[in-house]
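# A look at the structure
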Amino acid sequence: MDEHPRFLGPVLPFTYAISVMREAVGGPLWSVVAHDLQVTVVYVLATLLLGLLVKPRAHRWSARFLRSARASGLIH
């Protein structure tokens, strides 16, 4: 069987959520739980920060799009 590197899994947050659920079902290794929760918190904070940085630009873009769509008669 051909072995492929699994490089995408460690960068996806769901990987760590599944790992914590496995620990909950199979009996926890607290070091694994702590690591997975730390990574999850970093993902949450990064996502919130990214959202705060992107929101003003996205709001301006959507307002401009809405004005344009209303002016064209596409929407009322």
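Refer to the structure printed above.
What you are looking at is a predicted structure, and each value in this text was computed from that prediction instead of being measured. In this convention, every chain numbers its residues from 1, walking through the sequence in written order. Residue-level local features of this predicted model are given only where pLDDT is at least 70; pairs of side-chain atoms are given and counted only at 80 or more, and the full residue set underlies all totals for whole chains, interfaces and linings. Hydrogens and waters are ignored; side-chain quantities use all the structure's heavy atoms.

### A closer look at the packing of helix H1 (residues 13–26) against helix H2 (residues 30–72)
Running from N to C, H1 and H2 cross one another at 150°; their axes reach a closest spacing of 9 Å. Judged by the angle between their axes, H1 and H2 are roughly antiparallel. The way H1 lies across H2 gives a crossing that is left-handed. Where H1 approaches H2, its residues Pro-13, Tyr-16, Ser-19, Val-20 and Glu-23 are matched on the opposing element by Val-32, Val-33, His-35, Asp-36, Leu-37, Val-39, Thr-40 and Tyr-43. Classes in brief: Ala, Val, Leu, Ile, Met, Phe, Trp, Tyr, Cys and Pro nonpolar; Asp, Glu, Lys and Arg charged; the others, Gly included, polar. Counted by class, the contact of H1 with H2 contains eight nonpolar, three polar and two charged residues. For helices, the fitted axis covers only the stretch in contact; all axes are lines through C-alpha atoms, and the angles between them, taken along N-to-C directions, range from 0 to 180 degrees. Numbering of helices and strands runs from the N terminus, with a helix taken as a DSSP run of H or I at least four residues long and a strand as a DSSP run of E at least two residues long. By the definition adopted for this analysis, an angle is roughly parallel if under 35 degrees, roughly antiparallel if over 145, roughly perpendicular if from 65 to 115, and oblique otherwise. Left-handed describes a crossing in which the near helix is turned anticlockwise from the far one by less than a right angle; the clockwise case is right-handed. Residues are treated as being in contact if the distance between any of their heavy atoms lies within 4.5 Å.

### With respect to the packing of aromatic side chains
Planes of paired rings set the category: under 30 degrees apart is stacked, over 60 is edge-to-face and the rest tilted, where pairs are Phe, Tyr or Trp rings (Trp by its six-membered ring) whose centres lie within 6.5 Å. This structure, assessed with the given rule, holds one aromatic pair. Centroid distance Trp-61 to Phe-65: 5.7 Å. Interplanar angle 10°. Geometry classified as stacked. Placement of both Trp-61 and Phe-65 in helix H2 is noted, with a separation of four residues, approximately one turn of the helix. Here Trp-61 falls in the exposed class, since its relative accessible area comes to 52%. The buried label goes to any residue with under 20% of its type's maximum accessible area, the exposed label to any with over 50%, and the partly exposed label to all in between, with areas taken from a 1.4 Å probe on protein chains only.

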